[in-house]
Amino acid sequence: MEYIGDVIYDYADGLYINMTNRCPCRCSFCIRNLTDSLGNADSLWLRREPDLEEILEMIRETDLTPYNEAVFCGYGEPTERLECLLAVCDYIKENTDLRTRLNTNGLSDLIYGRKTAGDFAGRLDAVSISLNAPTAEKYDALCQPRFGKESFEAIIRFTSEIKKYVPDVTMSVVGSSISRRDIEECRKIAEERLGVKFRVR
Ligand code: SF4
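Nothing here was measured: the structure is a model prediction, and the numbers come from that model.

## Description of the environment of isoleucine 111
Relative to the helices and strands, isoleucine 111 resides in helix H3 (residues 108-112). Between the C-alpha atom of isoleucine 111 and that of isoleucine 183, which follows or precedes it by 72 residues, the distance is 27 Å. Apart from residues no more than four positions distant in its own chain, isoleucine 111 is found in contact with Pro24, Glu77, Thr79, Glu80 and Phe147.

Right, dumping it as structure tokens:
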């Protein structure tokens, strides 16, 4: 198979899957603005998106022994390829012992114009959702989502829905991008309002 960029790479004990560079946001802190690669990858910028069969072949060709979990992450928003993402989850669940985790901006309901949280039932063990800011105005300024101000409430709704389907739900913020006070406000939203875990990354 020709090299199209690093679709699969490893980071800590995770097998990371980078299936798209598309994203509805332009976060000021996005790591994509700083470096082309992470973990053992050379470039997470893809010349083209791999199709489902190519991703499955790459997984089949990988020795999975060192890994505990498959993580959908990379230089784009994985839910931009929801159908493919779900099919890869199914393959991993049926054929490996890996846990599955999705790192997402939580905007898939707006990308598809419908509720998407239920799609992940039985497919994900964990999901990490970027909250990033404590209000719609601050989120909009920091992440510049193409959906505008409705994005923040959509993330909150998505999080409260996905709790019903995925056992381990975390919201996160980038500690260096917001004030301590805003971090505490975000913690309250995650832990007190939504009843999920909270992480400063
Ligand atoms: S949502 Fe993630 S990939 Fe998209 S711009 Fe923000 S940090 Fe980058």
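## Overview of helix H5 (residues 150-162)
Its 13 residues give H5 an end-to-end C-alpha distance of 18 Å, which sits within 8% of 18 Å, the value for a rise of 1.5 Å per residue. Every buried residue of H5 is listed here: Ser151, Phe152, Ala154, Ile155, Ile156, Phe158, Thr159, Glu161 and Ile162. Elements that come into contact with the buried residues of H5 comprise strand E4 (99-104), H3, strand E5 (126-130), helix H4 (136-143), strand E6 (168-173) and helix H6 (180-194).

## As for the nonpolar core
The nonpolar side chains of a soluble globular protein tend to be buried with one another. The biggest cluster of nonpolar side chains holds 62 residues, and the ones touching the most others in it are Ile17, Phe72, Val88, Ile92, Phe120 and Ile162. At eight residues, the largest contribution of residues to this core is made by helix H2 (residues 82-95). With residues near it in sequence (within four places) discarded, valine 88 still touches Ile17, Met19, Leu52, Ile55, Leu56, Ile59 and Phe72. The next biggest cluster of nonpolar side chains, apart from the first, holds seven residues, and it includes Tyr9, Tyr16, Ala41 and Leu44.

## Some thoughts on the packing of H5 against H6
In contact at an axis separation of 11 Å, H5 and H6 are set at 40° when each is read in the N-to-C sense. As far as their axial angle goes, H6 and H5 are oblique. Here H5 runs over H6; the crossing is right-handed. Between H5 and H6, the contacting residues are Phe152, Glu153, Ile156, Thr159 and Ser160 on the first element and Ile189, Arg193 and Leu194 on the second. The residue inventory of the contact of H5 with H6, partitioned by class, reads four nonpolar, two polar and two charged.

## Some remarks on the packing of aromatic side chains
Under the counting rule described, the total for this entry stands at four aromatic pairs. Ring centres of tryptophan 45 and tyrosine 75 lie 5.4 Å apart, and the angle between their planes is 70°; this geometry places the pair in the edge-to-face category. Taken together, the residues tryptophan 45 in the loop between strand E2 (14-17) and helix H1 (52-60) and tyrosine 75 in the loop between strand E3 (69-72) and H2 connect sequence positions 30 residues apart. For the ring pair tyrosine 139 and phenylalanine 152, a centre distance of 6.4 Å and an interplane angle of 50° mean the geometry is tilted. Placement of tyrosine 139 in helix H4 and of phenylalanine 152 in helix H5 is noted, with a sequence separation of 13 residues between them. The class for tyrosine 139 is buried, based on a relative accessible area of 1%. What links up through ring pairs into an aromatic cluster is the set Tyr9, Tyr11 and Tyr16.

## Description of the environment of threonine 65
With respect to the secondary-structure elements, threonine 65 resides in the loop between H1 and E3. Linking threonine 65 and methionine 19, residues 46 residues apart in sequence, is a C-alpha distance of 22 Å. Looking at threonine 65, its side chain comes within polar contact range of the side chain of aspartate 63, at 2.3 Å.

## A few points about the site of the ligand
Every residue lining the ligand is accounted for by Cys23, Cys25, Cys27, Phe29, Cys30, Arg32 and Asn105. A breakdown of the residues in the shell around the ligand according to their chemical character gives five nonpolar, one polar and one charged.

## Comments concerning the sheet that holds E2
With mixed pairing, seven strands are arranged side by side in an open sheet as E1-E2-E3-E4-E5-E6-E7. The sheet is open, and its two edges are formed by strand E1 (8-11) and strand E7 (197-200), each paired on a single side. The mean inter-strand angle of the sheet, taken between neighbouring strand axes irrespective of direction, is 25°. Sheet topology note: the E3/E4 ladder contains four bridges and is parallel. Each residue of the ladder has a partner; that of phenylalanine 72, found in E4, is leucine 102. Running at roughly 160° to E7, H6 makes contact with E6 and E7 of the sheet.

What counts and how
- Residues numbered from 1 in each chain as written.
- Predicted model: local features only at pLDDT ≥ 70, side-chain atom pairs only at ≥ 80, totals over all residues.
- Heavy atoms only, no water.
- Helix = DSSP H or I, 4+ residues; strand = E, 2+ residues; numbered from the N terminus.
- Contact = heavy atoms within 4.5 Å.
- Expected span 1.5 Å × (residues − 1).
- Buried < 20%, exposed > 50% of the residue type's maximum accessible area, 1.4 Å probe, protein only.
- Core = buried A, V, L, I, M, F, W, Y, C linked by side-chain atoms within 4.5 Å.
- Axes fitted to C-alpha atoms, helices over the stretch in contact; angles between N-to-C directions.
- Parallel < 35°, antiparallel > 145°, perpendicular 65-115°, else oblique.
- Left-handed = near helix turned anticlockwise from the far one by under 90°.
- Nonpolar A, V, L, I, M, F, W, Y, C, P; charged D, E, K, R; others polar.
- Phe/Tyr/Trp six-rings, centres within 6.5 Å; stacked < 30°, edge-to-face > 60°.
- Polar contact = N/O pair within 3.5 Å; in protein donor to acceptor, adjacent residues only side chain to side chain.
- Near = heavy atom within 4 Å.
- Pairing = 2+ DSSP bridges.

In short, geometric facts, not functional conclusions.
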